[in-house]
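For reference, the chains in residue letters:
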Amino acid sequence: MKRKNNAFFRWFYGETDTMLGKVEIRPQRKEPFGEGKAGELLADHQTLRERIYDGKDNGKLWFFDRIYRVAALFFCLALIFILLVNVSWLPPSGEASNPANNEVPARYIESGLQETGAVNIVTGMILDYRAFDTFGESNVLFIATAAVLILMRLDPEKKARVRKGIPVYKKPEDELTVAQAQANDRLYEPKNDVILQRVAGFLVPVIVIFGIYVILNGHLSPGGGFSGGAIIGAGLILYLNAFGFEKTERFFTEKTYKWVCFASLTFYCLVKSYSFFTGANHLESGIPLGTPGAILSSGLILPLNICVGLVVACTMYAFYALFRKGGF
Amino acid sequence: MRFVQNFPFFSIILSMFAGIVSSVLPSRAAKWVNTVLIVTVGILSVVLLAYLTGTGEPFVYWMGHFPAPWGNEIRAGVLEAGMALFFCVIMLLSMAGGRKKLIGEVEYSKHSLYYIMVDLLLSSLLALVYTNDLFTAYVFVEINTISACGLIMIRQNGRTIEAAVRYMIMSLLGSGLFLMGLCTLYDLTGHLLMSNIRESVVQLMEQGAYAVPLTVTIGLISAGLAIKSALYPFHTWLPDAYGYSTVSSAAMLSSLVSKGYIFLLIKIIYRVIGFEVFARSRIIDVLFVFGVLGMIFGSVSAIRENDIRRMIAFSSVAQIGYIYMGIGLGTQIGMTASIFHILSHAATKSLLFIAAIGLTDVSRGSRRFIDLTGAGYRHRMAGVAFTVGSLSMVGVPMFSGFVSKLLFAEASVGHVYKMLPAVVALAVSTILNAIYFMKTVIRIYVPERRMDREIITVRKEPVYAAVLVCFILLNIALGMLSQPVVEWIGSGLDMFG
């Protein structure tokens, strides 16, 4: 029988390896720290634990340990009991006569469309009626990223700073360098996984487009800045996982993050300040609401949704990148 | 509407905007933005306070084009404006006093992040002070929590990271309880706006409906805010967080962050639950008991401490106990005493933290008492400032602590059941305060024979010395001119009603 000379049969008869050169192949490591060292570490850990929680010689600790567990259990059960009793006394859910069914949701539902121009009442509520709370929420995301930056960010210019004589609190030797962090990042994962790359290449555009759709249609259909931004962020993270930092750094660096976040929050802040100011002083804001249902309608809601979406997407991606290697 | 009525809104939005802008600025510029911001907000608050004292009427301000129960709303009275001003003063002094340490202890590349945290902390404090909406309060409680965590862990060593984790866990538990209370309250009343909830609660009380969930709600909200402001049994996060973070953080955490939550609780008591309803509930007795316990046990822990920063931190537990004891008395005069103690403790505690830094600087950075011997001679300004702070905490006349203790004693007299425990606790706690503060003052003025230590004069650190002088003057002003302050608090509380 004549052997068919196509890629599949060549692979089938073991002449070529299609994965060669495309996937990083290496034997799996048995012990991350070598054979002997792991055992040592384990033993160290054990002795440390025994010394710290030395129940035999430290009666007080033993006693405290027991009391602590019993008390924690007791308090949790007590809290659960109190909350359950509390719920049983609350108005039954779904009754028309409940206190929560008052003039507040009535106005949202009845005249939300005329007043905000948004078909999606929830978006009208969070971005127009109660836009100040939502601005606070976007600032929560912003400050959370800043806190993670404090905790995780590695300084790429640290050695240069030491040379220049700028005081540093932690010496460069005590901290992971950026290069080390990059090396660590690939320690347990293979580079260039073809399956992941193919699937990501197909899925990422779809995910991102869907995210953009959710953001842009936030005032028309379920969705909005928060959910759409989360979808785009998930797409970016998938892309990063498949192709690595070299590819994502072409379009998304720390600078990008900084300026995108800055621009969207500043826009939100300025535009809403104008709107709050005119509203409080009973002036006309002069922002047209448009025809409800059209994509360019409902005044400020669409641009604000875009801003919130950008902030959320950037925040999600930044969290992932920072926790993974301490930078973008 | 007068232009000056925009000022609360301007203050909040300016500080949020400053935080956002600082994210793209280099740290030098971020520092200036921060200073200018605090000064501007302070000036706005002064003008607002003057205006409100003139009119004598609080006002509400729409945040947007929709009236209150539908849109957001903020509200300003004399107490709010004065609190905003006071917070700005303390923040400005704490930042200026701790600047040198900030440079020494925090990575240069992270300074602008620190200023973001401080700007947003100011915005959240202002929002907690001015808000008239419970959900807005919750959103800014979140910002406050995260920025406080950032303030703790900006100085990155093992102790601060551990302290930040501990703070995060306790604080989120507090936020969670507060949020649950808020949800129940919404379920019972159908409102998030403070004044509307108040009306509904009055109606519910008249009908006698939903008594159990209402009590649970009061309990959840009080417990949540008590955890966040480190009332006695929930204070375990406090000593490490105040003791090891960089000094301006410690000063701001002790004098602003916890006070912001207490102010929110007072606001909720008056404007949401209603003072009478709260006073009749049993929850108030629980707060009273924990406050009294905190006064004693906080001081006992402080006596046993061998580290000056941690000692000051434990003293905070005792002082928070005083404030909750005053709230727990359930009378108008008790509340006035509590609010006065918020001011007095904030002014004194930040002074102590910043003065302690000067003392440890001249003792080779050691914080143990044995090494602090004679530090008062080596850094005279810090020694004097620490002594003033100690005298004020102990309650010596002429200083602010005396007035608050006097007010607490006045408030407790005439109360049927709570008079005896309150007065006894005041006496015992004062003696304990005197033990550990006077011990420290004597220690820093014991002459030291070894003269090889560094000596810091006023000329070497003029800004630091100026900050200490300002703090001392603030303390003496609160102590000597207490009558107008007490009257201001009284009229502010009347405006709450």
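### Re the overall build of chain B
Then step 1. Looking only at helices and strands, chain B features 21 helices and 2 strands.
Then step 2. For 497 residues, the compact-globule estimate of 2.2 N^0.38 gives 23 Å, and the C-alpha radius of gyration of chain B, at 22 Å, lies within 12% of that figure.
Then step 3. Overall size of chain B, expressed as C-alpha extent along the three principal axes, is 75 × 55 × 45 Å.
Then step 4. For chain B, with 497 residues in total, the buried portion stands at 61%.

### A few points about the overall build of chain A
Then step 1. The secondary structure content of chain A amounts to 12 helices and 0 strands.
Then step 2. Moving toward the C terminus, one meets the helices and strands of chain A in the order α-α-α-α-α-α-α-α-α-α-α-α.

### A closer look at unusual backbone geometry
Residue and element names in this part refer to chain B.
Then step 1. Even without being glycine, Arg-364 reaches a positive phi, approximately 60 degrees.
Then step 2. Its location among the elements puts Arg-364 in the loop between α15 (332-361) and α16 (375-378).
Then step 3. In this structure, Met-398 takes a positive phi of about 85 degrees despite not being glycine.
Then step 4. Along the polypeptide, Met-398 turns up in the loop between α17 (380-394) and α18 (400-412).

### A few points about the environment of Thr-189 of chain B
Then step 1. With respect to the helices and strands, the residue Thr-189 of chain B is situated in helix α7 (residues 158-189).
Then step 2. Residues Thr-189 of chain B and Leu-102 of chain B lie 87 residues apart in sequence; the distance between their C-alpha atoms is 47 Å.
Then step 3. Contact partners of Thr-189 of chain B, with chain neighbours within four places excluded, come to Pro-99 of chain A together with Ile-197, Ser-200 and Val-201 of chain B.

### Notes on the confidence of the model for chain B
Low-pLDDT portions of the prediction should not be read for the details of their coordinates.
Then step 1. Put simply, chain B has an average pLDDT of 91, and 99% of its residues get 70 or more.
Then step 2. Overall fold confidence (pTM) sits at 0.91, and the ipTM for the predicted complex is 0.91.

### With respect to α15 of chain B
Then step 1. Compared with an ideal rise of 1.5 Å per residue, which puts 30 residues at 44 Å, α15 of chain B spans 44 Å between its outermost C-alpha atoms and is within 8% of the ideal.
Then step 2. Most of α15 of chain B sits out of view: 28 of its 30 residues are buried.

### Topic: the pairing of strand β2 (residues 72-76) of chain B
Remark: a regular strand shows side chains that alternate across the two faces of the sheet.
Residue and element names in this part refer to chain B.
Then step 1. Among the 5 residues in β2, 5 count as buried, and that is most of the element.
Then step 2. Side chains Asn-72, Ile-74 and Ala-76 project from β2 onto one buried face, and the interleaved Glu-73 and Arg-75 project onto a second face that is buried too.
Then step 3. Where strand β1 (residues 59-63) lies against β2, 5 bridges are found, and the strand directions are antiparallel. Bridge assignment links Phe-59 to a residue of β2, and that residue is Ala-76.

### Things to note about the environment of Thr-35 of chain B
Then step 1. Within the element layout of this structure, Thr-35 of chain B appears in helix α2 (residues 27-55).
Then step 2. Separated by 84 residues in sequence, Thr-35 of chain B and Asp-119 of chain B have C-alpha atoms that sit 9.5 Å apart.

### Let's talk about the interface of chain B and chain A
Then step 1. Contact residues are listed per partner, giving 56 residues for chain B and 52 residues for chain A.
Then step 2. For the side of chain B that touches chain A, the secondary-structure elements that each account for two or more residues are α1 (7-22), β1, α4 (99-105), α5 (111-130), α6 (134-153), α7 and α9 (211-228) of chain B.
Then step 3. Sorting elements by how many residues they give to the side of chain B that touches chain A places α6 of chain B first, with 11 residues.
Then step 4. In terms of residue class, the side of chain B that touches chain A is made up of 34 nonpolar, 17 polar and 5 charged.

### Re the packing of helix α3 (residues 78-97) of chain B against helix α21 (residues 482-496) of chain B
When two helices pack together, their arrangement is captured by the angle between the axes and the distance separating the axes.
Residues and elements named next belong to chain B.
Then step 1. Axis separation between α3 and α21 bottoms out at 7 Å; the angle between their running directions is 125 degrees. One way to sum up the angle between α3 and α21 is to call them oblique. The segment α3 lies against α21, with Val-78, Leu-79 and Gly-82 engaging Trp-488, Ile-489, Ser-491, Gly-492, Leu-493, Met-495 and Phe-496.
Then step 2. Of the residues assigned to the contact of α3 with α21, the class counts are 7 nonpolar, 3 polar and no charged.

### Some remarks on helix α13 (residues 283-304) of chain B
Residue and element names in this part refer to chain B.
Then step 1. Taking 1.5 Å as the rise per residue, α13 with 22 residues should run 32 Å; its terminal C-alpha atoms sit 31 Å apart, in good agreement.
Then step 2. Along its length, α13 reaches its greatest deviation from straightness, about 25 degrees, at Gly-294.
Then step 3. Of all the residues in α13, the buried ones are Ile-283, Ile-284, Leu-287, Phe-288, Phe-290, Gly-291, Val-292, Gly-294, Met-295, Gly-298, Ser-299 and Ala-302.

### Re the packing of α15 of chain B against α18 of chain B
Residue and element names in this part refer to chain B.
Then step 1. With their axes 9 Å apart at the nearest point, α15 and α18 run at an angle of 160 degrees to one another. By the angle class used here, α15 and α18 are roughly antiparallel. Regarding α15 and α18, the two cross each other, and that crossing is left-handed. In this structure, α15 contributes Ile-333, Gly-334, Thr-336, Ala-337, Phe-340, His-341, Ser-344, Ala-347 and Thr-348 to the contact, and α18 contributes Ser-400, Gly-401, Val-403, Ser-404, Leu-407, Phe-408, Glu-410 and Ala-411.
Then step 2. Grouping the constituent residues of the contact of α15 with α18 by class yields 8 nonpolar, 8 polar and 1 charged.

### What to know about the nonpolar core
Then step 1. Ranked by size, the top nonpolar core spans 241 residues in total, and within it Val-311 of chain A together with Ala-355, Leu-359, Ala-385 and Leu-468 of chain B carry the most contacts.
Then step 2. Take this core: its biggest share by element is 18 residues, from helix α11 (residues 247-273) of chain B.
Then step 3. Here Leu-359 of chain B is in contact with Ile-308, Leu-372, Ala-375, His-379, Ala-382, Gly-383, Phe-386 and Ile-444 of chain B, once residues within four sequence places are set aside.

### Overview of the environment of Val-129 of chain B
Then step 1. Positionally, Val-129 of chain B belongs in helix α5.
Then step 2. Apart from the residues within four sequence positions on either side, Val-129 of chain B is in contact with Glu-80, Met-83, Ala-84 and Phe-263 of chain B.

Parameters and conventions
- Residues numbered from 1 in each chain as written.
- Chains lettered and ligands numbered in written order.
- Predicted model: local features only at pLDDT ≥ 70, side-chain atom pairs only at ≥ 80, totals over all residues.
- Helix = DSSP H or I, 4+ residues; strand = E, 2+ residues; numbered from the N terminus.
- Rg over C-alpha atoms; globule rule 2.2 N^0.38 Å.
- Buried ≥ 20, exposed ≤ 12 C-beta atoms within 10 Å, placed from the backbone.
- Contact = placed C-beta atoms within 7 Å.
- pLDDT = per-residue confidence, 0-100.
- Expected span 1.5 Å × (residues − 1).
- Pairing = 2+ DSSP bridges.
- Nonpolar A, V, L, I, M, F, W, Y, C, P; charged D, E, K, R; others polar.
- Axes fitted to C-alpha atoms, helices over the stretch in contact; angles between N-to-C directions.
- Parallel < 35°, antiparallel > 145°, perpendicular 65-115°, else oblique.
- Bend = angle between axes of the 7 residues up to and from the residue.
- Left-handed = near helix turned anticlockwise from the far one by under 90°.
- Core = buried A, V, L, I, M, F, W, Y, C linked by C-beta atoms within 7 Å.

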